[in-house]
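Understanding the architecture of this molecule
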Amino acid sequence: MEAVELRCDFTKISDVMTNFTGKADRYIVKEGVVMKLNFKSGFKAIKIHLWLFTDCLVIGATLDPKDQSKITLTEHCPRQGITVVGHFTAPRNAPKKKVMTENIFHLNLKKAGQPAYSKHGRHVIQCPSPQERQKWFEVLKPPVIESENPEETIYEEWDVPLVKAQHHYTKANEDDLELLEGEVCRVLKKYTDGWCYGVEGTGRQKGWFPMSFMVEIQSDHAKYRDAKRKQELVDKNRSKCPNHGPRRLQHAGEWKKYVGRFLILTRQEEYYYCFSFNSL
């Protein structure tokens, strides 16, 4: 990984990453060269490099034609923000000899806090072969840890909720965690009976604690979970209004201007989505 790092320019993503080897538990899950297709103004196919790490995806490209050995890293996305879609329909302007639909998938990268209806970070990726497409598709899909216990939820160590103790918890059992008020824990397992298994802030001790003593605090897990719910909400209701996408209202009372022309579907925190009423 150090050899790859020396070839890369981190300037464009320096606010979130300055090296590949900064985290001890980070390693490369898969890497490769693919083509990014663009159909907006004519047809363009750009060669890009993909690195999927345990905690994020990094995209790079060779921007200097005189120096093919130097790769400029252009995008970074935590694994929580990655979604892939396998179905692809080629547009009319797609050259048949260059676009191989069986090798293509949609790669969507969403940053925490990005509006659910934003089109930023959406890519059409073409792999060298159908087999390579399948490999990328499988590793990029969010991993689901299935438990044999229906009352248990298991989290990936890079995608865990953070909780803070509202009160001092004195452990009742040997394998419980002793928690002081205000202490933060990472939840590794959660059960329907209200108990959690996790690790305390320093990472030295693992154990059990009751959620009744805790409150969830802001984390990447919470941000992307909320963003995913918003996106699911938009996707679910977009089918009712096929000719019009959502728009964001400035305040709750603004919907009154659109009565008779727009239908307000829902309110999600500061987001007020409305769709064209005429298309229903």
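Residues numbered from 1 in each chain as written. Predicted model: local features only at pLDDT ≥ 70, side-chain atom pairs only at ≥ 80, totals over all residues. Heavy atoms only, no water.

1. Concerning the overall build of the chain
A count of helical and extended segments in the chain gives three helices and 17 strands. Taken over 280 residues, the chain has a buried fraction of 38%. Within the chain, contacts between residues separated by at least 24 positions form 53% of all contacts whose residues are at least 6 apart in sequence. Accessible surface, the chain: about 16,800 Å² in total, of which carbon and sulfur atoms supply 50%. (Helix = DSSP H or I, 4+ residues; strand = E, 2+ residues; numbered from the N terminus. Buried < 20%, exposed > 50% of the residue type's maximum accessible area, 1.4 Å probe, protein only. Contact = heavy atoms within 4.5 Å. Areas by Shrake-Rupley, 256 points an atom, 1.4 Å probe, with all protein chains shown as cover.)

2. Let's talk about the pairing of strand β10 (residues 162–165)
Of the two faces of β10, the one holding V163 and A165 is buried and the one holding L162 and K164 is not buried anywhere. Relative to strand β11 (residues 184–191), β10 is paired through three bridges, and the arrangement is antiparallel. In the strand pairing of β11, V163 is matched with C185. Pairing of β10 with strand β14 (residues 214–217) involves four bridges; the strand directions are antiparallel. Counted as the bridge partner of L162 is I217 from β14. (Pairing = 2+ DSSP bridges.)

3. Thoughts on the confidence of the model for the chain
Summary statistics for the chain give a mean pLDDT of 80 and a share of 79% for residues scoring 70 or more. The least confident element of the chain, judged by mean pLDDT, is strand β16 (residues 262–268) at 44; the most confident is strand β13 (residues 206–210) at 95. (pLDDT = per-residue confidence, 0-100.)

4. Looking at the pattern of salt bridges
Considering all chains together, one arrives at three salt bridges under this definition. Between D55 and R26 there is a salt bridge; the shortest N-O distance is 3.0 Å. Pair noted here: D55 is in the loop between β3 (44–53) and β4 (56–61) and R26 is in the loop between β1 (8–9) and β2 (28–38), with a separation of 29 residues, a long-range link. For the residue pair D55 and R26, the accessibility class agrees, reading buried in each case. For R225, the salt bridge identified is with E216, shortest N-O distance 3.1 Å. Using a relative accessible area of 26% as the deciding quantity, one classes R225 as partly exposed. (Salt bridge = Lys/Arg side-chain N within 4 Å of Asp/Glu carboxyl O.)

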